[in-house]
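# Fold and contact review
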Amino acid sequence: MLNVGVLVSGGGTNLQAVIDAIKDKRITTAKVSVVVSSNNKAYAIDRAKHNNIPYKIVNRKDYKDRSDFDKAILNIMKEYNIGLIVMAGFMCIVGKTLINAYHNRIINVHPSLIPAFCGDGYYGLKVHEKVIEYGVKVTGATVHFVNEITDGGPIILQKPVYIDDDYTPHQLQQKVMKEAEWIILPKAIELIGKGKVKVNGRKVVIEE
Ligand code: GRF
C-alpha cells in the first residue's frame, strides 16, 4: 500500500477528491497517511480531521529559508513513511532538498493545460482570469511530476474543459476542478500506486 502525504494550503477540494476516490475504490493502492498544511486556517485541515487523517501545520514564515522549510516537510514525510507526495492546492514553492529526496515522487495538480497558463505567478483563480482574458476556447487541468521549475515537471495526465463565452473566472475554476482536477488527480495516484507510470526524460508513459 502506497503511503501518500498530501500538501495543502486552502479549501482542500482536491484532497477531498482523493479521500472520496479511496472510499469508493477508484483508488485501491494508496492511502492518505498525513496531510501537511502551510496555512493553519485551511479548510483542508477540517477535511483531514473529519476523515481521521493525521495533519501537521508547516508555516513557511516559521523557517529562515526554503531549505529549512523543505526539511520540516521532509521530516514529516519520513515519519509517516510516505512514498508519494501530492501537492493539492499547495501555495508554497518547494526546493531541491525535498525534490531531490523525492525524485519523481512528488506530483502536483495545476488548473490549466501545461505549458499554457503556468509557471511563476499562475496559481488558483489567477490562472482562470488569464485564460478568460486571453479568450481561449479550451482549458483544463494537468497532473505532473514536480521538479525545480514551477509547473515544469514531466506531465502525467491532462483533461480538457471547453469554455462557454459567459463564464466568470470563479465559474471556470469550479468547472475545471469538477470536470478535470478531481478526476485526474485520483487517477494519477492509482496509476502510480499500480506501478503503471514510467518516466523517460520528459516523456511519461502510462502502461495499460
Ligand atoms: C485549485 O484550482 C487547484 O488547482 C489550485 O488551487 C485551487 C484550490 O485547490 N492549485 P483545493 O480546493 O485547495 O484543492
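In this report, we go over the structure that sits alongside the text. Within any chain, residue numbers begin from 1 and follow the written order of that chain's sequence. Per-residue local features of the predicted model are confined to residues with pLDDT of at least 70, and side-chain atom pairs are confined, for both listing and counting, to 80 or more; whole-chain, interface and lining totals are unaffected and use all residues. Only hydrogens and water are set aside when side-chain values are computed; all heavy atoms of the structure are taken into account.

## Details of the sheet that holds strand β7 (residues 155-162)
For two strands to be treated as a pair, DSSP must find no fewer than two bridges joining them. Segments assigned H or I by DSSP are reported as helices when at least four residues long, segments assigned E as strands when at least two residues long, and all are numbered from the N terminus. In spatial order, the strands read β3-β2-β1-β4-β5-β6-β7; together these 7 strands make up an open sheet with mixed pairing. At either margin of the open sheet sits one strand with a lone partner, and together these are β3 (55-57) and β7. Along the sheet, successive strands turn relative to each other by an average axial angle of 20°, direction set aside. Pairing of strand β5 (residues 106-110) with strand β6 (residues 138-145) involves 4 bridges; the strand directions are antiparallel. What sits directly across from Asn108, in β6, is His144. An axis is simply a line fitted to the C-alpha atoms; with a helix, the fit covers only the stretch in contact. Between two such axes, the angle follows the N-to-C directions and lies from 0 to 180 degrees.

## Structural notes on unusual backbone geometry
Along the chain, Ile114 connects to Pro115 via a cis peptide bond; the corresponding omega equals 15°. Phi at Asn104 is positive, roughly 55°, even though this residue is not glycine. Residue position: Asn104 is located in the loop between α4 (96-101) and β5. Between buried and exposed lies partly exposed: a residue is buried under 20% and exposed over 50% of the maximum accessible area for its type, with that area taken using a 1.4 Å probe on protein chains only. Assessed through its relative accessible area of 26%, Asn104 is described here as partly exposed.

## Quick word on the side chain of Asp151
With respect to the helices, strands and loops of the structure, Asp151 is situated in the loop between β6 and β7. Under this rule, positive means Lys or Arg and negative means Asp or Glu; His and the chain ends count for nothing. By definition here, a salt bridge exists when the distance from a side-chain nitrogen of Lys or Arg to a carboxyl oxygen of Asp or Glu is within 4 Å. Buried charge without a partner: Asp151 forms no salt bridge, and the closest opposite charge is Arg202, 11 Å away. Polar contacts, as counted here, are pairs of nitrogen or oxygen atoms within 3.5 Å of one another; within protein the pair requires one atom able to donate a hydrogen and one able to accept it, and residues that are adjacent in sequence qualify only if both atoms are side-chain atoms. Among the polar contacts made by the side chain of Asp151, one reaches the side chain of His110 at a distance of 3.5 Å. Residue contacts are defined here by distance: any two heavy atoms, one from each residue, within 4.5 Å place the two residues in contact. Those residues within four positions of Asp151 in sequence are excluded, and the remaining contacts are Asn108, His110, Ile114, Cys118, Gly119, Tyr122 and His144.

## Overview of the pairing of strand β9 (residues 203-206)
Each regular strand shows side chains that alternate between the opposite faces of the sheet. Pairing geometry for strand β8 (residues 197-200) and β9, over 4 bridges, is antiparallel. Within the sheet, the bridge partner assigned to Val197 lies in β9 and is Ile206. Between β8 and β9, which follow one another and run antiparallel, lie 2 residues, and Gly201 among them has a positive phi close to 70°.

## Quick look at helix α6 (residues 169-193)
Helical geometry note: an α-helix holds 3.6 residues per turn, so side chains three or four residues apart project in the same direction. Expected helix span is taken as 1.5 Å per residue step, with the number of steps being one fewer than the number of residues. Over its 25 residues, α6 runs 34 Å from end to end, which matches the ideal 36 Å to within 8%, given 1.5 Å per residue. A residue's bend is the angle separating two fitted axes: one through the seven residues that end there, the other through the seven that start there. Met177 marks where α6 bends most, by close to 45°. Positive phi shows up at Gly195, right after α6, with a value of about 70°.

## Regarding the site of the ligand
Each residue is tested against the molecule or strand, and it is near if at least one of its non-hydrogen atoms lies within 4 Å. The immediate surroundings of the ligand are formed by Gly10, Gly11, Gly12, Thr13, Asn14, Ala88, Gly89, Met91, Pro111, Gln173, Met177 and Glu181. In the model, an oxygen atom of the ligand is placed 2.9 Å from a nitrogen or oxygen of the Gly12 main chain. A cavity, in this analysis, means grid points on a 1 Å lattice covering only the protein atoms where a 1.4 Å probe fits yet has no way out; a pocket is instead an open set bounded by protein on both sides within 12 Å along at least five of seven lines, and a residue lines either one if it has an atom within 4 Å of a point. A molecule is counted as occupying a cavity or pocket when more than half of its atoms fall within 2 Å of that pocket's grid points. Judged by the proximity of its atoms to the pocket grid, the ligand belongs to the largest pocket. No other element matches α6, which puts 3 residues into the shell around the ligand. In the shell around the ligand, the residues fall into 4 nonpolar, 7 polar and 1 charged. Side-chain classes are defined by residue name, with Ala, Val, Leu, Ile, Met, Phe, Trp, Tyr, Cys and Pro counting as nonpolar, Asp, Glu, Lys and Arg as charged, and the others, Gly among them, as polar.

## Examining the environment of Ala116
Within the fold, Ala116 resides in the loop between β5 and α5 (125-134). Along the primary structure Ala116 and Gly140 are separated by 24 residues, whereas in three dimensions their C-alpha atoms are 10.0 Å apart.

## Some remarks on the layout of surface pockets
Grid points are joined across faces, edges and corners, and a volume is the space filled by probe spheres set on the points. Of the pockets and cavities examined, the largest pocket occupies roughly 680 Å³. Around the largest pocket, the lining comprises 37 residues; the ones closest to its centre are Gly89, Phe90, Met91, Asn108 and Tyr123. Breaking the lining of the largest pocket down by element, the ones donating at least two residues are α1 (13-23), β5 and α6. Grouping the amino acids of the lining of the largest pocket by side-chain chemistry returns 16 nonpolar, 17 polar and 4 charged.

Geometric values such as these leave the question of function open.
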